[in-house]
Amino acid sequence: MKTGRNDPCPCGSGKKYKQCCLQVQQSQQTEDFLWHQIRRVIDGLPGKLLKFSQNHWGEEAFLEAWGDFTLWREEEFSPDTPHLQLFMPWFFFNWHPDYSTLDTGARRKKTTGEAFLGKHGTQLDPLLKRYIEQCCAAPFSFFDIVSVRPGDGFLLRDILTGEECYATEHSGSTQAQAGEIVFGKLVKVDHVAILEASAAFFIPPREKFAILELRKELCEQENPPSHNLLGKYGHEMLAIYQIVYDRLFNPPTPSLRNTDGDAMAFQKLVYDIPAVQTAFTALKQLCIDSTEDELLQDAEFDAAGELRRIEFPWLKKGNARQKSWDNTILGHIRIKDHQLTVEVNSDKRAQQFQKLIKKLLPEARYKTSVIESPQAMLKHMQDEGENAQTRQRRKEQEELNNRPEVREKIMELMREHYSQWPHEKLPALDGKTPQQAIKTKDGRERVEALLRDFELRNADPNLPIDPSIFDELRERLGLRKR
């Protein structure tokens, strides 16, 4: 049965339907209607603006704008660039051509969008004209995702100005999570806000600190910062965006070191030997935690009972960096037929083995070395993909994690870790503890970003981490629960 305007609202608020949910529904219908109107009138607009810019500024302006956008990092433009949905609106509505592109200073002061309005504004659909005007006026900024309505939109809070606005975003909102950050341009027409430009990825909360530093700089000039001031800091925002993008998608290869602290360099040293038994007798002492009989248990013998193949680790007692270790694996030795190979992970260990074999097995003749950098090894593993062995290991790990006793132990360790976290001095908080940092607005926001990042990164259902751990931590710090 249809609810009448004067009937009690079905939501249970106690108000009449016309004074409660009916107003919300009518408002949503009005917003949806305007949103569809806007999408209709802007259809094809990027192509028109691009053609206009080529005629107005010249074709060289596009590449000049690309250089400005990438901060002249010598990155060639490609239609497949992941930055396209940010760059094109920035080029149309925020980029001002350089002196080298134009004939007069008057033309130089206008963006492509402003110049397009100046020439064709009177001929445009009034709604399209208003939309372009708002695109030209709106600055780029960073927005916290406060809440999400998947498939409809999300509530955004401008990190730099503090303004909140609900943005209609049907596709992007399906993947968004509260706490993530959007970099882009929010355009408002009447009571509808649309993301005219946005990065192709959501920024994780842990990347918020550089944005907060920029906000501090802006607030020293205006508090809160105006849209006009934000427009003057476009390149500073692009610099933050580029750094975040590189950190997430082009991270530098880590400096890998072995358990002794030596730089990793994977090497396989190959020697010709007179016989397997001779080599084994000379080198078995390098496996200090096993007897000869134990080593021979997994060896291979020929039909006559002669040793044909054997493998064992090269060990040393203890470890200078890990005091709790009984032994350190220095390499892996394989002896088969008339060949001996040893695999090590550093130049220092390779040199050490070469000295040892001259002393222990002088009749061995060095043949060659195969050297592979950590970078090449990682690339080879990535190219090879997941094989049957790694799939089996992953399956075993998942099964292990799902055991009640394992989940309980991990929960215990995680709870203990996060119980101490509020009292730990953190570099991300400039050496302060979370308890100390939350005493200021900026510090509180930093702690909230770290905590939200923990929550998002531990949201995997396969991980045995109870979300209540973070609720307890929020309560202890006086932060609002999600």
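This structure is a prediction, so every number in the text was calculated from the model and none was measured.

**Student:** So what about the overall build of the protein? Which residues, and what values?
**Tutor:** For the protein, the count of helices and strands is 19 helices and eleven strands. Looking at the 482 residues of the protein, the share that counts as buried comes to 40%. At a minimum sequence separation of 6, the contacts of the protein that also span at least 24 residues come to 60%. Put simply, the protein shows about 27600 Å² of open surface, and 49% of that area lies on carbon and sulfur atoms.

**Student:** Summarise the pattern of salt bridges; cite the residues concerned and give the values.
**Tutor:** Pairing between side chains of opposite charge can happen when their charged atoms approach one another. A complete count under the given rule lists 30 salt bridges for this structure. Between Glu445 and Lys208 there is a salt bridge, with the nearest N and O atoms lying 2.9 Å from each other. Here Lys208 lies in the loop between β5 (192–198) and α8 (209–219) and Glu445 lies in helix α18 (residues 441–457), a separation of 237 residues in the sequence. Take Glu445: its relative accessible area is 15%, and that puts it in the buried class. Here Arg349 makes a salt bridge to Asp260, at a shortest N to O gap of 3.0 Å. Here Arg349, found in helix α13 (residues 347–360), pairs with Asp260, found in the loop between α10 (234–249) and β6 (266–272); they are 89 residues apart in sequence, far enough to count as distant.

**Student:** Hey, could you go over the pairing of strand β2 (residues 153–158) for me, with residue numbers and the actual values?
**Tutor:** Regular strands place side chains that alternate from one sheet face to the opposite one. As paired strands, strand β1 (residues 140–149) and β2 are joined by six bridges and run antiparallel to one another. Of the residues in β2, the one forming a bridge with Ser147 is Leu155. Where β1 hands over to β2, the hairpin turn is made up of three residues, of which Gly151 adopts a positive phi near 85°. In this sheet, strand β3 (residues 164–168) lies alongside β2 in antiparallel orientation, the contact comprising five bridges. What sits directly across from Phe154, in β3, is Ala167.

**Student:** Lay out the packing of helix α6 (residues 112–120) against helix α7 (residues 126–137) in plain terms, naming residues and giving numbers.
**Tutor:** In contact at an axis separation of 9 Å, α6 and α7 are set at 150° when each is read in the N-to-C sense. As summarised for this structure, α6 and α7 are arranged roughly antiparallel, according to the angle between their axes. Here α6 runs over α7; the crossing is left-handed. Of the residues in α7, those in contact with Gly113, Glu114, Phe116 and Leu117 of α6 are Lys129, Ile132, Glu133 and Cys136.

**Student:** Please set out the sheet that holds strand β11 (residues 365–372) residue by residue, giving values where relevant.
**Tutor:** Judged by pairing direction, the sheet is antiparallel, and its six strands sit side by side in the order β7-β8-β9-β10-β6-β11 without closing on themselves. Bordering the open sheet on either side are β7 (300–301) and β11, each of which pairs with just one other strand. Bridge analysis of strand β9 (residues 327–336) against strand β10 (residues 339–344) gives five bridges, and the strand direction is antiparallel. Directly across from Arg334, in β10, lies its bridge partner Thr341. Its contacts with the sheet place α13 against β6, β8 (307–317), β9, β10 and β11, and it is angled at close to 15° to β6.

The rules behind these values
- Residues numbered from 1 in each chain as written.
- Predicted model: local features only at pLDDT ≥ 70, side-chain atom pairs only at ≥ 80, totals over all residues.
- Heavy atoms only, no water.
- Helix = DSSP H or I, 4+ residues; strand = E, 2+ residues; numbered from the N terminus.
- Buried < 20%, exposed > 50% of the residue type's maximum accessible area, 1.4 Å probe, protein only.
- Contact = heavy atoms within 4.5 Å.
- Areas by Shrake-Rupley, 256 points an atom, 1.4 Å probe, with all protein chains shown as cover.
- Salt bridge = Lys/Arg side-chain N within 4 Å of Asp/Glu carboxyl O.
- Pairing = 2+ DSSP bridges.
- Axes fitted to C-alpha atoms, helices over the stretch in contact; angles between N-to-C directions.
- Parallel < 35°, antiparallel > 145°, perpendicular 65-115°, else oblique.
- Left-handed = near helix turned anticlockwise from the far one by under 90°.

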